[in-house]
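# Topology and contacts: notes
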Amino acid sequence: MKIDKETLHKIAHLARLELDPKKEDAYIKDLEEVLTWVEKLNELDTEGVEPLTNMSFEVNAFRHDEVDNTLEHDRALKNAPKHDEDHFRVPKVLE
């Protein structure tokens, strides 16, 4: 499949990427290689193959919750760059 610069810019916009204009030709070449590889998968006979929802048939092994020694409040705040009596102080993230 051929990728042009317009398609590259659209993909970059959708992925919220900033592209280096000097490397656009390399990006186009790489995308074309990936799409050529994916198109080869269409040649495979997948009749009777069930779609996968997971790559492994392993079942999660959850551990039981156990009460353990916890870090004391004073020791938890000891190395914090900023804190008050009870809480860590962090920079404001949302306005």
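Reading the values: the criteria
Residues numbered from 1 in each chain as written. Predicted model: local features only at pLDDT ≥ 70, side-chain atom pairs only at ≥ 80, totals over all residues. Heavy atoms only, no water. Axes fitted to C-alpha atoms, helices over the stretch in contact; angles between N-to-C directions. Helix = DSSP H or I, 4+ residues; strand = E, 2+ residues; numbered from the N terminus. Parallel < 35°, antiparallel > 145°, perpendicular 65-115°, else oblique. Contact = heavy atoms within 4.5 Å. Nonpolar A, V, L, I, M, F, W, Y, C, P; charged D, E, K, R; others polar. Patch = residues over 30% accessible without salt bridge, like charges linked within 9 Å, V, L, I, M, F, W, Y side chains within 5 Å. Areas by Shrake-Rupley, 256 points an atom, 1.4 Å probe, with all protein chains shown as cover. Salt bridge = Lys/Arg side-chain N within 4 Å of Asp/Glu carboxyl O. Buried < 20%, exposed > 50% of the residue type's maximum accessible area, 1.4 Å probe, protein only.

### With respect to the packing of helix α1 (residues 5-14) against helix α2 (residues 24-41)
Between α1 and α2, the least distance of the axes is 10 Å, while the angle of their chain directions is 85 degrees. Here α2 runs roughly perpendicular to α1, going by the angle between their axes. Residues K5, L8, H9 and I11 of α1 pack against E24, D25, Y27, I28 and L31 of α2. For the contact of α1 with α2, the class distribution of residues is five nonpolar, one polar and three charged.

### A look at a nonpolar patch on the surface
Taken together, the side chains of V34, W37, V38, L41 and L44 present a nonpolar region at the surface, about 500 Å² in accessible area. As for its position among the elements, W37 is in helix α2. Of the residues examined, W37 reaches a relative accessible area of 56% and is grouped as exposed.

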